[in-house]
Amino acid sequence: MSRPLIPLKAGAVTFTVLWTAWMMWWSGSYSSVNLVILTLLGTLVGYLWYRAMRWQFERMGMLPRKDESSGVSKQLPRG
């Protein structure tokens, strides 16, 4: 795990937990089936949030971009 991605991954986990808790509270049903479904959906939403934020941060230059051919990260010059 590279250092620049640690806060982004922690944010995605936090977002996932908060989203799942909010959906559980909002639905009002605390059955085990509802818990399983909302946990799976929360995981999917958290992953999609992570991918969207990573793409946006790479686009803004806040994270190094990955070169698709070699898999090596390269930093684009700013300015």
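Above this text sits the structure in question.
Here the structure is a predicted model, which means the values were calculated and not measured. (Residues numbered from 1 in each chain as written. Predicted model: local features only at pLDDT ≥ 70, side-chain atom pairs only at ≥ 80, totals over all residues. Heavy atoms only, no water.)

S.K.: I would appreciate a short explanation of helix α2 (residues 32–60) in the present structure.
M.R.: Helical geometry note: an α-helix holds 3.6 residues per turn, so side chains three or four residues apart project in the same direction. Spanning 29 residues, α2 covers 41 Å between terminal C-alpha atoms, matching the ideal 42 Å at 1.5 Å per step. Turning to α2, its buried residues number three or more, namely Asn34, Leu38, Gly42, Gly46, Tyr50, Arg54 and Glu58. Tucked inside the fold, the buried residues of α2 contact α1 (6–27) and β1 (65–66). After α2 finishes, the residue Gly61 shows a positive phi value of roughly 85°. (Helix = DSSP H or I, 4+ residues; strand = E, 2+ residues; numbered from the N terminus. Expected span 1.5 Å × (residues − 1). Buried < 20%, exposed > 50% of the residue type's maximum accessible area, 1.4 Å probe, protein only. Contact = heavy atoms within 4.5 Å.)

S.K.: How do you make sense of the packing of α1 against α2 when you look at a structure like this?
M.R.: For any two helices packed against each other, one specifies the inter-axial angle together with the distance between the axes. At a minimum axis distance of 8 Å, the contact between α1 and α2 shows a crossing angle of 145°. At the point where α1 passes α2, the crossing takes the right-handed sense. Here the residues of the contact of α1 with α2 are counted per class, giving 14 nonpolar, nine polar and two charged. (Axes fitted to C-alpha atoms, helices over the stretch in contact; angles between N-to-C directions. Left-handed = near helix turned anticlockwise from the far one by under 90°. Nonpolar A, V, L, I, M, F, W, Y, C, P; charged D, E, K, R; others polar.)

S.K.: What's the story with α1 in this structure? I'm lost.
M.R.: Between its first and last C-alpha, α1 extends 32 Å over 22 residues, near the 32 Å set by a 1.5 Å rise per residue. Those residues of α1 not exposed but buried are Leu8, Ala12, Thr16, Thr20, Met23 and Met24. Angular distribution of buried residues about the axis of α1 spans 140°; they occupy a single face of the element. Exposed residues pointing more than 90 degrees away from the buried face of α1 are listed as Pro7, Val17, Leu18, Trp25 and Trp26. On the buried face of α1, the contacting elements are α2. Looking one or two residues past α1, Gly28 carries a phi angle of roughly 80°, positive in sign. (Arc of directions from axis to C-beta.)

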